[in-house]
Amino acid sequence: MIAVQAFSVLSPLVAPLAMLGFVIAAMALPLQTGRADMDHDASAQGGILPQLSAEHLAAAVTEPLIVFDQTATVVHANAAAISIFGSITAGMSLPLKFRAPEMQALIEDMLTGGVSSLAIDYVEKLPVERVYRVSASAIGHGTGLYVLVFKDQSEARRIDRMRADFIANASHEMRTPLASISGFIETLRGPARNDPAAREQFLQIMQNQAGRMARLIDDLLSLSRLEMKSFHRSGVRVDLRNVVESVIDSLAPLAKDSGLEIERNFADGALEVPGDRDELYQVFENLLENACKYGQSGERVIVSIAPSTKGPEPGIDVTIRDFGPGIAEEHIPRVTERFYRVDVETSRSQKGTGLGLSIVKHILTRHNGRLSIESELGKGAAFTVHLPTN
Ligand SMILES: Nc1ncnc2c1ncn2[C@@H]1O[C@H](COP(=O)(O)OP(=O)(O)OP(=O)(O)O)[C@@H](O)[C@H]1O
Ligand SMILES: [Mg+2]
């Protein structure tokens, strides 16, 4: 308090700010140190904190912070507040700066309500939409000063929305085969009860739909396992030639059924990268399976492995190129999104879940790798996996 008195002789603004310093120091200390009580006592007894400028303390707070008085006039705004909300100077009217009704109500309630703190959600529309949780608190007791702190909630909101979309998509994908199975059960109990040929056909459809649900669940589990597991660089090196060769072997029956020839174009020498063999297997399996499913009409698929020539770091590129219908430019950036399919019916008829490429992308990120997609409509698509060798 002595420090506050001494400062107040110098400037009318310093006193309230020094008061703010006490409040911030009192709030910040228990959060920042395990010896909260001891340090708190030290500051109250005239340790180093009361001598710190409140302005410096406010500047050290990374969230926008505005101090105002009983007449809703700005006393101080920290650098974060100015950089986000533009010019805010001492003496400015706070309700004129923040005209949104919820902000007006917050300020009004704070000044007249006799409560020590309040919070609202506030949306800034420009230049980009951002959502803030704004809390207003009285500073100390009877100081006539208040502080607004803005916490940016935009990222948390975006994640919430993504989660909600994901659940909606996943349930929709589950509901479709389930509805089909329920429908056939009814038919089998009713009109088709005594029709062995129809019964056989419907049971086959039901089996396919059940298979689709099982695949969907496998893919969802695979994604969530990848998200849960942090990636440890084990130092194990994976021979890409060997992995790709076994993927080609396992998909040979699909290629044959689709009337496709798989051509190999592997460079000589070591083609090894650090990584997880099973995960990389999954990457090439997804890509080659897509090439066979969607690029069927092109009659051939070329799989090449070569040291990469582009990019700053040494690496290996694996390219899977088909000569099918290709992917239109506007869809290319979106095909790695969960559940995104260019043509839902074609994908469903090919037993797709729309999760394959999002799994690929996830695995590559864990390997510091990249996926690039090049395609021209009518001429096919090339998916290149770039993996660093170190
Ligand atoms: N080689 C390709 N040629 C043309 N379109 C492709 C090709 N690869 C992928 N696509 C398009 O991208 C979409 C997403 O592919 P992704 O592998 O993520 O899902 P999917 O194949 O439908 O299902 P899943 O891989 O889970 O079985 C596909 O539905 C398809 O529309
Ligand atoms: Mg796929």
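Residues numbered from 1 in each chain as written. Chains lettered and ligands numbered in written order. Predicted model: local features only at pLDDT ≥ 70, side-chain atom pairs only at ≥ 80, totals over all residues.

Undergrad: Honestly, the site of ligand 1 in this entry has me stumped. Any pointers?
TA: In the neighbourhood of ligand 1, 22 residues make up the surrounding shell, with R341, V342, G352, G356 and L357 lying closest. Put simply, the parts of the chain that give the shell around ligand 1 at least two residues each are α11 (277-294) and α13 (356-366). No other element matches the four residues that α11 contributes to the shell around ligand 1. Class assignment for the residues of the shell around ligand 1 results in nine nonpolar, nine polar and four charged. (Near = placed C-beta within 6 Å. Helix = DSSP H or I, 4+ residues; strand = E, 2+ residues; numbered from the N terminus. Nonpolar A, V, L, I, M, F, W, Y, C, P; charged D, E, K, R; others polar.)

Undergrad: Would you mind showing me how to read the packing of helix α8 (residues 154-189) against helix α9 (residues 196-228) here?
TA: Packed helix pairs are characterised by how far apart their axes lie and by the angle those axes make with each other. Following both chains from N to C, one finds α8 and α9 inclined at 160 degrees, their axes separated by 9 Å at the closest point. One finds that α8 runs roughly antiparallel with respect to α9. Judged by the twist between their axes, the crossing of α8 over α9 is left-handed. Counting all contacts with α8, which are made through A170, E173, M174, P177, L178, S180, I181, F184, T187 and L188, the residues of α9 involved are R199, F202, I205, M206, Q209, A210, R212, M213, L216 and L220. Residues of the contact of α8 with α9, tallied by class, amount to 14 nonpolar, three polar and three charged. (Axes fitted to C-alpha atoms, helices over the stretch in contact; angles between N-to-C directions. Parallel < 35°, antiparallel > 145°, perpendicular 65-115°, else oblique. Left-handed = near helix turned anticlockwise from the far one by under 90°. Contact = placed C-beta atoms within 7 Å.)

Undergrad: What am I meant to see in the pairing of strand β4 (residues 130-138) here?
TA: Put simply, side chains in a regular strand alternate between the two faces of the sheet. Relative to β4, strand β3 (residues 117-124) runs antiparallel, the two sharing eight bridges. Within the sheet, the bridge partner assigned to I120 lies in β4 and is V134. Counted along the chain from β3 to the antiparallel partner β4, the turn is five residues long. Two strands pair when backbone bridges link them, and β4 and strand β5 (residues 145-152) are joined in this way by seven bridges, in the antiparallel orientation. Bridge pairing in β5 links Y132 to D152. Following β4, the chain reverses through six residues before pairing antiparallel with β5; G140 in that reversal takes a positive phi of roughly 60 degrees. (Pairing = 2+ DSSP bridges.)

Undergrad: Can you walk me through the pairing of strand β10 (residues 315-322) in this structure?
TA: Taken across its eight residues, β10 has seven buried, putting it largely inside the fold. In terms of strand pairing, strand β9 (residues 300-307) meets β10 through seven bridges, oriented antiparallel. Bridged to A306 within β10 is D317. For β10 and strand β12 (residues 380-388), the ladder comprises eight bridges, and the chain directions are antiparallel. Residue R321 lies in a different strand from β12, and its bridge partner there is A382. (Buried ≥ 20, exposed ≤ 12 C-beta atoms within 10 Å, placed from the backbone.)

Undergrad: How should I be thinking about the nonpolar core in this particular structure?
TA: In summary, soluble globular proteins display a tendency toward joint burial of nonpolar side chains. Counting 34 residues, the largest nonpolar core has L240, V244, V283, F284, L287 and L288 as its most contacted members. Contributions of two or more residues to this core are made by α10 (240-257), α11, β9, β10, α13 and β12. Here this core gets seven residues from one element, more than from any other, and that element is α11. Filtering out sequence-adjacent residues up to four positions away, V244 remains in contact with F284, V303, I305 and V318. A58, I66, A81 and Y132 belong to the second-largest nonpolar core, a separate cluster that totals 26 residues. (Core = buried A, V, L, I, M, F, W, Y, C linked by C-beta atoms within 7 Å.)

Undergrad: Just to check I follow, could you spell out the packing of α9 against α13 for this structure?
TA: It is at 10 Å that the axes of α9 and α13 come closest, and there the two elements cross at 20 degrees. Relative to α13, α9 is oriented roughly parallel. By crossing handedness, the relation of α9 to α13 is classed as left-handed. Between α9 and α13, the contacting residues are D219, S222, L223 and L226 on the first element and S358, I359, H362 and I363 on the second. Its residues assigned to classes, the contact of α9 with α13 shows four nonpolar, three polar and one charged.

Undergrad: Looking at this structure, I do not really get the sheet that holds β5. What am I missing?
TA: Strand pairs in the sheet, formed through backbone hydrogen bonds, run parallel or antiparallel to each other. Read across the sheet, five strands follow the order β2-β1-β5-β4-β3 without closing on themselves; strand pairing throughout is antiparallel. A single partner strand is all that each edge strand has here, and the edge strands are β2 (74-77) and β3. In this sheet, neighbouring strand axes are inclined to one another by 20 degrees on average, regardless of whether the strands run parallel or antiparallel. The strands touched by helix α7 (residues 101-112) within the sheet are β3, β4 and β5, with β3 carrying the most contacts at an inclination of about 165 degrees.

Purely spatial values, then, with no claim about function.
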